[in-house]
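Chain and residue survey
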Amino acid sequence: AKDSGRNTIQLFHSSMQHAASERLRLENELRTALSRGEFELYFQAQVDARSGHVIGAEALLRWAHPTLGEQSPALFIHVLEESGLILEVGAWVLVEACHACAQLLEERIIDEHFSLCVNISTRQFRQSDFVERVEHCLRNNRLPHGMLKLEITEGIVIQDIDDTIAKMNRLRQLGVSFAMDDFGTGYSSLTYLKRLPVNVLKIDQSFVRDATSNPSDAEIIRAVVALGLSLGLEVIAEGVEQQSQLDFLQSQGCHCYQGYLFSRPQPLQAFRALLAHAADT
Ligand code: C2E
Ligand code: CA
Ligand code: CA
Ligand code: CA
């Protein structure tokens, strides 16, 4: 028994080592990817189901891996965050997204009512000069400040709620707005939600997925939509794939959504074509 215990420990140890070296390898690959310009930005439409109009887009990071092809951030965002690389990548995302949006605006494919949504990691938000970075980015691209919406998660309140609120208010004064992403999956309490100056609640796709088959997911959606509307917030559902999911959301008063039902995230060129086509019909 003693021996097998030792073997187990050794096995555990070596698999931990394996995981650590895998992580390091990925971190190095990501660093190279950044310097080689292998990151790309995709755009996913946000739609108002009542009018059928595209009201905005979420910018989503992709890694065009040289051999494995396009990679979702779900596979590597944690490594970017733990290594601090997210600061550089996040800055790139912000610049790239604002630049793309300014281009579409100049081409008159969108107008200034369009929302550009950018995911901001907590670590990025915590940077002491974050507000200035956002301001520079908007100014350099001559983007109307009201077009930018920053998506943050509930985890942002864990570290320093007062600093968070102060920064959010400074950005709001510039015209920037906020969406609470993945709402309901984190740790924050309703008290935090009441204190944070957010404009939009995003219902996480994990609730939307089984909304029409799982009564407790349906109840959560019901509650989140009611809460959002009672606080005067916009509510957007993510991960809508089926008409029945959209029908349920609309029956609860949630009319704005993003999801494969309307379109997948796409590179700028394809997204531009989608908007041009939507405007024609
Ligand atoms: P998220 O912010 O919750 O983004 C929504 C995710 O749902 C995206 O995954 C999107 O592609 C996916 N999605 C949209 N519609 C559907 C649908 O109908 N069905 C399904 N199954 N999925 C759908 P993605 O692009 O893989 O991104 C994963 C996560 O990575 C994001 O989740 C976000 O937390 C993070 N992320 C993405 N881009 C950035 C970024 O630029 N910065 C930061 N900090 N995080 C990012
Ligand atoms: Ca998001
Ligand atoms: Ca989500
Ligand atoms: Ca998220």
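For the structure, see preceding data.
Residues numbered from 1 in each chain as written. Chains lettered and ligands numbered in written order. Predicted model: local features only at pLDDT ≥ 70, side-chain atom pairs only at ≥ 80, totals over all residues. Heavy atoms only, no water.

**Notes on the pairing of strand β5 (residues 148-152)**
With five of five residues buried, β5 is to be regarded as a mostly interior element. Burial along β5 is two-sided: the residues Leu148, Leu150 and Ile152 and Lys149 and Glu151 are all buried. Summarising the sheet, β5 and strand β6 (residues 177-183) pair through four bridges and their orientation is parallel. Along β6, the bridge assignment pairs Lys149 with Ser177. (Buried < 20%, exposed > 50% of the residue type's maximum accessible area, 1.4 Å probe, protein only. Helix = DSSP H or I, 4+ residues; strand = E, 2+ residues; numbered from the N terminus. Pairing = 2+ DSSP bridges.)

**A closer look at the site of ligand 1**
Near ligand 1 there are 22 residues, and of these Arg62, Ser72, Gln205, Glu241 and Tyr260 occur at the shortest range. The side chain of Gln205 places a nitrogen or oxygen atom 2.7 Å from an oxygen atom of ligand 1. A total of 790 Å² of accessible area belongs to ligand 1 in isolation, and the protein chains cover 84% of it. The set of elements that each furnish at least two residues to the shell around ligand 1 consists of β2 (53-65), α3 (85-106) and β6. For the shell around ligand 1, the element with the highest residue contribution is β2, accounting for four residues. In terms of residue class, the shell around ligand 1 is made up of nine nonpolar, seven polar and six charged. (Near = heavy atom within 4 Å. Polar contact = N/O pair within 3.5 Å; in protein donor to acceptor, adjacent residues only side chain to side chain. Areas by Shrake-Rupley, 256 points an atom, 1.4 Å probe, with all protein chains shown as cover. Nonpolar A, V, L, I, M, F, W, Y, C, P; charged D, E, K, R; others polar.)

**Re the state of the cysteines**
By the definition in use, this model includes zero disulfides. Just so you know, Cys117 is unpaired, no disulfide at all, and the nearest cysteine sulfur is the one on Cys101, 9.7 Å from it. Assessed through its relative accessible area of 1%, Cys117 is described here as buried. We note that Cys137 lacks a disulfide partner, and the nearest cysteine sulfur, in Cys98, lies 3.7 Å from it. (Disulfide = S-S within 2.5 Å.)

**Overview of the coordination of the calcium ion (ligand 2)**
The coordination sphere of the calcium ion (ligand 2) contains the protein donors Glu58 (OE), Asn119 (OD1), Glu151 (OE) and Asp181 (OD), at a distance range of 2.2 to 2.3 Å. Mapped onto the polypeptide sequence, the residues donating to the calcium ion (ligand 2) form the spacing pattern E-x60-N-x31-E-x29-D. A distance of 5.7 Å spans the gap from the calcium ion (ligand 2) to the calcium ion (ligand 3). A residue pair is termed long-range when its members are at least 10 positions apart, and Glu151 in strand β5 and Asp181 in strand β6 qualify at 30 residues. Judged by relative accessible area, which is 1%, Glu151 ranks as buried. Given the relative accessible area of 7%, Asp181 is considered buried. (Donors = N, O, S within 2.8 Å, 3.2 Å for Na, K, Ca; no water.)

**Structural notes on the packing of aromatic side chains**
Taken as a whole, this structure holds six aromatic pairs when the rule is applied. Here the aromatic rings of Phe39 and Phe76 are separated by 6.1 Å at their centres, their planes lie at 45°, and the arrangement is tilted. Placement of Phe39 in strand β1 (residues 39-48) and of Phe76 in the loop between β3 (69-71) and α2 (77-83) is noted, with a sequence separation of 37 residues between them. On the basis of relative accessible area, Phe39 is assigned to the buried category, the value being 6%. When the centroid spacing of 5.6 Å and the interplanar angle of 90° are considered together, the rings of Trp63 and Phe76 count as edge-to-face. Here Phe76 lies in the loop between β3 and α2 and Trp63 lies in strand β2, a separation of 13 residues in the sequence. Three or more aromatic residues link up through ring pairs in this structure, and these residues are Phe39, Trp63 and Phe76. Sitting over the face of the ring of Phe125, Lys167 holds its NZ or CZ atom 5.5 Å from the ring centroid. (Phe/Tyr/Trp six-rings, centres within 6.5 Å; stacked < 30°, edge-to-face > 60°. Lys NZ or Arg CZ within 6 Å of the ring centre and 35° of its normal.)

**Points about the pairing of strand β7 (residues 200-203)**
For a regular strand, the rule is simple: side chains alternate between the two faces of the sheet. Of the two faces of β7, the one lined by Val200 and Lys202 and the one lined by Leu201 and Ile203 are each fully buried. Two elements, β6 and β7, share three bridges in a ladder whose sense is parallel. Within β7, the position partnered with Ala179 by the bridge is Val200. Judged from the four bridges that link them, β7 and strand β8 (residues 234-237) form a sheet pairing that is parallel. In the strand pairing of β8, Val200 is matched with Glu234.

**Some words on the environment of Lys149**
One can find Lys149 in strand β5. We classify Lys149 as buried; its relative accessible area is 6%. Residues Lys149 and Ser206, spaced 57 residues apart in sequence, show a C-alpha to C-alpha distance of 22 Å. Among all residues touching Lys149, those that are not within four sequence positions of it are Ser115, Leu116, Cys117, Val118, Ser177, Phe178, Ala179, Val200 and Glu234. (Contact = heavy atoms within 4.5 Å.)

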